[in-house]
Amino acid sequence: MITTISHDKSIHEETEYDVVIAGAGAVGMALALALNRLPHHRILILEALASHALQPLRPAADQGRILALSWSSIQTLSALGIWPALSSEATPISAIHVSQRGWLGNTLLQADTLGLEALGWVVREPVLRWVMAKALQSSGVAMRYGTRLTAASSDMSRVTLHLHNESKPITTSLLVGADGTDSSVRAMFDLPASRRSLPEQALVFSLHCAAECGTVAYERFLEGGVLGVLPLGGRHVGCTYVADPQRVERLASQHEAGFLQAVDAMMGGRLRPMALLGETRCFGLPWLMAQTITAPRTVLIGNAAHTMHPVAAQGFNLGLRDVAALALALAKGPDPGDQAVLACYARERLADYRQTACVLQALLKVYGMRLPGLAVLRGLGLGLLDVMQDLGDAVSLWGMGAGRPYLPALWLGGIHDVS
Ligand SMILES: Cc1cc2nc3c(=O)[nH]c(=O)nc-3n(C[C@H](O)[C@H](O)[C@H](O)COP(=O)(O)OP(=O)(O)OC[C@H]3O[C@@H](n4cnc5c(N)ncnc54)[C@H](O)[C@@H]3O)c2cc1C
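In this text the structure is predicted, and so the values were computed from the model without any measurement. Residue positions are given per chain, counting from 1 as you read along its sequence in written order. Predicted model: local features are reported for residues with pLDDT of at least 70 only, side-chain atom pairs are reported and counted for 80 or more only, and whole-chain, interface and lining totals are derived from all residues.

### Considering the overall build of the protein
Phase 1: Numbering of helices and strands starts at the N terminus; helices are DSSP runs of H or I of at least 4 residues and strands are runs of E of at least 2. The number of helices and strands found in the protein is 11 helices and 19 strands.
Phase 2: Partly exposed residues are those whose C-beta has more than 12 but fewer than 20 other C-beta atoms within 10 Å; 20 or more makes a residue buried and 12 or fewer makes it exposed, with C-beta atoms placed from the backbone. For the protein, buried positions account for 47% of its 419 residues.
Phase 3: Summarising the internal contacts of the protein: among those between residues at least 6 apart in sequence, 73% fall at separations of at least 24. It is the C-beta atoms, placed from the backbone, that decide contacts: two residues are in contact if theirs lie within 7 Å.

Right, here's the structure in full:
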């Protein structure tokens, strides 16, 4: 196994690998950490952006999107050995408060009444990537930042890859496309996907509040939108406002005092925000579902295979389930590109995608309805979905029979045979 860092000349001379992962987003890096525990795997990660290389300093507290992680994700991150470093940066969700503006009723779903330590954990995505990049730097995984995969072709025994800044092609037994929603690996192998743009946008921002915010998350239904509020520890919360572009623009264009007042009103005075932390960021909401996720010696994972509405906080959690399932599958045999192993992996994962998408679509339908009397049901439906997704991992409440993959703790010790 080779040990390199991105500026080491030796990795640019190496041209043969067992697994090449295109994309060093959180999902691609998690897979590299997982596969690094398997014996005899020479792994390379390619990342198009030079800015994704490990920065010496921890990302500032006001940067990036905020992720709610499920129980199964925490199990996998623990098995990868990074939860101890990440847990000090994560805030547990002890309860979810679901309410509808203009209605008196609300629902409080609590971890302790369900016998759980927490319903989920909240982390900032840049911090998660930073912790993973640090772990990778001291691993045997080779990384090339500022290196875009531009072409790939495969035959029975190898995949040949061309990189934009290197004349010599490299070869690998398995190519993993972890290169996000606009995946070039998906395009290179002509893998079909249904794709559309959802009519809403998401505005992401963090707030400093007048008092300690505790560990309660809020899901607040509003006329024509929904505001999710996640605890970030102390007086800080991370918010995602999903609504039509006009409403998002109206909120985003306010000066700070007006913005804080509008958010306070949306939350019915519960938050008492004092200041915006950092910038507000607006995201379009693509929806993508690959119909086929494998080609010869090639597989898609993470957003490259599925990109979902953020309202149910599932994208990264689903991507980590890809990582766990693929690592477990590859641990069973010596050839990471074995077509039978990849076919079996794909069958299992497509079933999970379909199930998740089904629940999400039902949820969005209910959420989109404007019939009188449905407001409370709508709120209940959404709140229950969040909790049941997490519980589904822990006690199979929502799993409809099927277990959800995560890496066993044994993985940390370097598991070699999990069959
Ligand atoms: C507002 C919002 C809130 C969200 N909240 C949650 C949440 O609470 N919980 C949750 O689980 N999920 C959430 N998600 C979803 C989650 O953020 C994504 O699912 C996850 O970050 C996707 O990670 P990824 O690694 O698959 O893709 P990406 O992060 O897109 O990474 C892909 C990487 O591939 C690189 N790349 C692309 N092309 C190439 C190429 N040709 N060669 C080399 N590299 C390439 C890119 O530069 C990029 O670094 C949210 C999303 C949004 C928008």
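### Some words on the sheet that holds strand 7 (residues 120-124)
Phase 1: The strand order across the open sheet built from three strands is 3-7-4, with neighbouring strands paired in antiparallel fashion. Each having just a single partner strand, strand 3 (66-69) and strand 4 (91-93) make up the two edges of the open sheet. Direction aside, the axes of adjacent strands within the sheet are offset by 30 degrees on average.
Phase 2: Bridge analysis of strand 4 against strand 7 gives three bridges, and the strand direction is antiparallel. Strands are treated as partners if at least two bridges between them are detected by DSSP. Each axis is a line fitted through C-alpha atoms, and for a helix only the stretch in contact is used; angles between axes span 0 to 180 degrees, taken between their N-to-C directions.

### Description of the packing of helix 2 (residues 26-35) against helix 5 (residues 125-137)
Phase 1: Look at helix 2 against helix 5: their axes get within 10 Å of each other, and the N-to-C directions meet at 30 degrees. Here helix 2 is positioned roughly parallel relative to helix 5, judged by the angle of their axes. Crossing angle aside, the handedness with which helix 2 passes helix 5 is left-handed. Contact residues: Ala 26, Met 29, Ala 30, Ala 32 and Leu 33 in helix 2; Glu 125, Leu 128, Arg 129, Met 132, Ala 133, Ala 135 and Leu 136 in helix 5.
Phase 2: The class makeup of the residues in the contact of helix 2 with helix 5 is 10 nonpolar, no polar and two charged. Roughly parallel covers angles under 35 degrees, roughly antiparallel covers those over 145, roughly perpendicular covers 65 to 115, and oblique covers all other angles. Less than a right angle of anticlockwise turn of the near helix away from the far helix marks a crossing as left-handed, whereas a clockwise turn marks it as right-handed. Residues are grouped as follows: Ala, Val, Leu, Ile, Met, Phe, Trp, Tyr, Cys and Pro are nonpolar; Asp, Glu, Lys and Arg are charged; all remaining types, including Gly, are polar.

### Focus: the nonpolar core
Phase 1: Here a nonpolar core is just a set of buried residues of the types Ala, Val, Leu, Ile, Met, Phe, Trp, Tyr and Cys, joined wherever their C-beta atoms sit within 7 Å. Ranked by size, the top nonpolar core spans 117 residues in total, and within it Ala 30, Leu 31, Met 132 and Ile 301 carry the most contacts.
Phase 2: No other element matches the 10 residues that helix 9 (residues 315-330) contributes to this core.
Phase 3: Setting aside chain neighbours within four positions, we find Met 132 in contact with Ala 26, Met 29, Ala 30, Leu 33 and Ile 82.

### Quick look at the pairing of strand 15 (residues 236-243)
Phase 1: Across the eight residues of strand 15, seven count as buried, placing the element largely inside the fold.
Phase 2: When strand 12 (residues 193-209) meets strand 15, the two strands line up antiparallel, connected through eight bridges. Residue pairing in the sheet places Phe 205 in a bridge with Cys 239 of strand 15.
Phase 3: Sheet topology places strand 14 (residues 225-231) next to strand 15; seven bridges connect them, and they run antiparallel. Looking across to strand 15, one finds that Leu 227 is bridged to Tyr 241.

### Points about the site of the ligand
Phase 1: In this entry, near means the residue's backbone-placed C-beta atom lies within 6 Å of the molecule or strand. By nearness alone, 35 residues border the ligand, and Gly 23, Gly 25, Gly 180, Gly 302 and Gly 315 come closest of all.
Phase 2: Looking at which element gives the most residues to the shell around the ligand, the answer is helix 9, with four residues.
Phase 3: Per-class residue counts for the shell around the ligand are 17 nonpolar, 13 polar and five charged.

### Topic: the environment of Tyr 17
Phase 1: Looking at the secondary structure, you find Tyr 17 in strand 1 (residues 16-22).
Phase 2: Residues Tyr 17 and His 41 lie 24 residues apart in sequence; the distance between their C-alpha atoms is 7.8 Å.
Phase 3: In this structure Tyr 17 touches Arg 42, Ile 43, Leu 44, Ile 170 and Thr 172, once residues within four positions along its chain are discounted.

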